[in-house]
Structures are given as C-alpha cells and as structure tokens.
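# Notes for the structure review
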Amino acid sequence: VEVAPLSERIERRVEAKRGAAVKAPQPGGGEAAGGAGLRASGGPVAPGSERPQDAVVSSGDASCVSQNGTWGVERPSLCPLPAARSDSAHQPSGASPETSPPPKKSKYSQKEREAICQAAWQRRKEREARRRQQEQEKERKRALARMLKAQRPGECHKYLTVELDAVLLQVDGGAQVLSALEAANYSCVVVNQAIPCSLTWRRKTVSLQMEEGDEWTEEPDVLVLLRLEEFLSMEAQGCAAGQKETLESYADRVMEKMPGKFLALAVVGVEAYFRSPRAQSKKGLQQAAASQEEKQGKQRKRKVKDSVPEITRLDVEEALVELQLSKPVQVSFFETWEELGEFAMMFTKAIAEAPYKRQQENTEFPFYLEKGSCGGVKVDPSGKGLLEVWKRQIQQFNRVSLEMAEAIVSAYPSPQLLIQAYSRCSSEQERENMLANIPVHRGDGVTATSRRVGPELSRRIYLQMTSHDPDLYLDFTG
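Keep in mind it's a predicted model, so treat the numbers as computed, not measured.

Along the protein chain, the regular secondary structure elements total 18 helices and eleven strands. By the burial criterion, 27% of the 478 residues in the protein chain qualify as buried. Partitioning the contacts of the protein chain with sequence separation of at least 6, the portion at a separation of at least 24 is 60%. Element-wise, carbon and sulfur atoms account for 53% of the exposed surface of the protein chain, whose accessible area totals about 33200 Å².

What follows is the structure, encoded as structure tokens:
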C-alpha cells in the first residue's frame, strides 16, 4: 500500500470539503451568500473580495489562507479558528429553563460554614496561644539559667559592688584595703557613708522577668573600721561608767543609722598596743598606783585612775563578751593593714557566694549519697571491678565495717579462693575459725588501732559460703 505524504493528504481533504461547501445550498440565494462573503460554516469573507480569509475545518485539521489566495498547511496551534457554534448559542434569551444547566447546590449551609470558620479561627487562636506559651517558657528557662549562673562561685563577684566610705581612704592603711579588693577583681566605688570608715555591698539583681535597666539590692552587712584610738577611748569610758560613748553605745548608734544591718567591727593594732613599751609603762604605773593606795588611801587611788585609765587585755575581753551577749556584733582584731585587706576580701567573697550556699542548703534533701555507695560496681570484660564486688558482698553482713571487709578480701581476693581454703581444713571447727585471726587496722599515725575479725564473723561467713539451707539464720549462735 502506497502511503501519501501528510501534506498531500491534508490538501486532498481540504479540497474535498471546499467542494462540498460550494455545492451546499445557501439560505437566501447564491448572491446573498456570495455577496455577504459567507461560507457554509459561516466563515467571514473580506468585503470587496471573493477570496476567503479564513475557513472552518473539521476537528483535527487546520488550514489557513495566505494573502495571495493560495492554501497552505499550518500547524493547528498556530491557526486559531473560532469553535463551531452550538445550538444553544442560537437560542433566544427566552429559551426554556429545561435546556439551561441547573444551578449548583451548595455543599454546606450558611450555619455550617459559620461553624467551620469559627472552629478554624478557634484552632488558630489555640495555636497562637501555645506558641506564645512555648516562647514564654523558653524565655523563663533562659532567665532562670542566667540567674543561677549569676549565683555560682566564679561568676557571682561580677554582680557585686563594694562601697567604701571616703574617710576610709584618708586613714593610714585604708588604701591597702582598696588595693586588696581590686586585686581580687571586685568592683569598688567610693561614696559618703552614714558611718565613717565603713564598707557596704550592693548586688545586681538578675530576676526571671526580663526588664530593661539594672536593679540593685543592698546586702544586709556592714563592716566598720574602728581606729585604735577610738577603740581604746571607748574601752576607757567603759571602765569609767557613765561617761561619754562606750563600745555598746557606739554599736547602738551604728545600728540605729543602718537598720536591718549585721554589724562587724574591725580594729587594727590592738596586740601591738599591748606589746608596746607605752602599755608596759602604763601597767607599771598602775602597779605603782596600787602600792601607793596601800600607803595613802583611797583618795590617792582615784587621782591615779583619773590620770591613767586601766585598759588591760582582760578589760578588752570582758567588754567584748558583754557586747556580743547583748548585741549581734562581730569584733575582729588585726595586727597589720594587710591582714585587714585580706579579711575584707574574704568577707566580700562570703557575701557574694551567700545566695548560692543558701540555695544549696534549701534543697529537698539536706544530705546526699556518695556515688560509690549508692550505685553498683562496674565490671569490664577484663575482670576489673570483681574485687570491689567481692568486698561489697562481705560488707552486706551485719556489723561489718569497710576495714574488716578490706582485711578479709586482702587475705582471700575471691570467693573461689575462700572455698578452696575451707576444703583444705581438716575439721568443722577449724573452718569456722579460719578467718578469726585476720588483723584489721583502723586509722593512721597515733590514732591507729588494730583488732581481729573474730570468731563470730568468721563463723557467719563460713555458713554463708558453705550452707545449702536457704532458711539458715546466720546470727544464731546456739
């Protein structure tokens, strides 16, 4: 069968359809059809010309007329032709409703659509609420981590500031206190305090609420430097009752100006004063005054006391005892200003770590179990750890200490060795007392003691290792 080319087949089909269109009768006569420039399919003809511009072809074929009147074959996508009109397009506007497509019925009613919208809005609202809650929880955890970090040792000093009174730096040795604090990387500021020569502390607050701006809280501690001259004069006034300011009245005045504070007093040079020749001369003069009293009477004694006040080490200790019994005041003596600087640094460190230590004490359980005593013993494939397991088994007996278990394990490093030792014994009595003479050492040095395992524990271990009775009572001695 000979197959004609595609172009030739299309040309033949177009010629056949064109001839059928010419032979078909046109309504209104040939002139009307030819003059109006219409074809059977209703294709338009250019006015004043007999050559067609477009032609309607069947589905699947496409042909276009060129400008010179020749027919050419084109691809269907490049020749847009109007689709054939359906019968419904020629129907009048008043056509029967049976021929028009029925209106689509809505899938949901108005109330159902409103309920669906409300449910979707509610779900969206819940998602937004959950998202906000998750963000708040994350922010709270981050703030809690920052707060805990600010309390840890090594970090807490960054949030603490030491306030030193300006008068302290004018005192001999006050600059050494400031240098010691700065050497320990503490932030220091010089201010005018209500009490001269005092030190107070402020802490930067790190709270769970993230608010802009820094909040500072005053620490409930104050350290006051009491100069040696002032301290001795207060002691002297304390010896002469009813005159001026005493040590107790000074503590009352400080606590009145700084209510709610825990007062700590520091005095430098008291021991050096007692060792100085001046103090020794005063002591000799007091002894001379006592001898003169015996000769000249009580009047001479009062004059000597007025000229040389009796301030001894015993007087100072008695005054401190009375002060600490009546007032919550701590008094510390230092020989040099370097010691006072170290004390101020240690005092500041204790204040900085106080919140962390209080938190550690406020845990649910004030005690904790050591990791080695509450957990099991890990044994690796090489057998490392079996000796510790054997020692733990010995410690499970009643009234067996760690030292006794170590002594038995050092003599028999495994249960199999102990069983073999029992098998070599000739009598039951020998087996029961085999471990009795093993020495047990406790302590080191002068406190070291030594004892034996004893026959009672030896018998219990023997029964445990050799008996086949599951109901045997090991502590039975009868």
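Within the chain, Cys197 stands out as a residue other than glycine whose phi angle is a positive 60°. Residue placement: Cys197 occurs in the loop between strand 4 (187–191) and strand 5 (198–205). Judged by its relative accessible area of 3%, Cys197 is buried. For Arg399, which is not a glycine, the phi torsion comes out positive at approximately 60°. Its place among the elements puts Arg399 in the loop between helix 14 (386–395) and helix 15 (402–411). You can call Arg399 exposed: its relative accessible area is 58%.

Turning to empty space enclosed by the protein, a few remarks are in order. A full pass over the atoms with the stated rule returns one cavity of 30 Å³ or more. Its volume calculated, the largest cavity comes out at about 40 Å³. At three residues, strand 7 (residues 221–225) tops the list of elements feeding residues into the lining of the largest cavity. Residue classes in the lining of the largest cavity are distributed as eight nonpolar, no polar and no charged.

This brings us to the UniProt feature "coiled-coil region" (unreviewed entry) in the protein chain. Those places that UniProt annotates as "coiled-coil region" (unreviewed entry) correspond, in this numbering, to residues 124–151. This span, residues 124–151, is 100% helix and 0% strand, and a straight line between its end C-alpha atoms measures 41 Å.

Along the polypeptide, Lys378 turns up in the loop between helix 13 (371–374) and helix 14. In this structure, the C-alpha to C-alpha distance between Lys378 and Glu388, residues ten residues apart in sequence, is 9.1 Å. If we skip the residues at most four places from it in the chain, Lys378 touches Lys384 and Gly385.

Criteria and cut-off values
- Residues numbered from 1 in each chain as written.
- Predicted model: local features only at pLDDT ≥ 70, side-chain atom pairs only at ≥ 80, totals over all residues.
- Heavy atoms only, no water.
- Helix = DSSP H or I, 4+ residues; strand = E, 2+ residues; numbered from the N terminus.
- Buried < 20%, exposed > 50% of the residue type's maximum accessible area, 1.4 Å probe, protein only.
- Contact = heavy atoms within 4.5 Å.
- Areas by Shrake-Rupley, 256 points an atom, 1.4 Å probe, with all protein chains shown as cover.
- 1 Å grid on protein atoms, 1.4 Å probe; cavity = no way out; pocket = protein on both sides within 12 Å on 5 of 7 lines; lining within 4 Å.
- Points joined across faces, edges and corners; volume = space filled by probe spheres on them.
- Nonpolar A, V, L, I, M, F, W, Y, C, P; charged D, E, K, R; others polar.
- UniProt positions renumbered as here; feature names shortened; annotations may be inferred.

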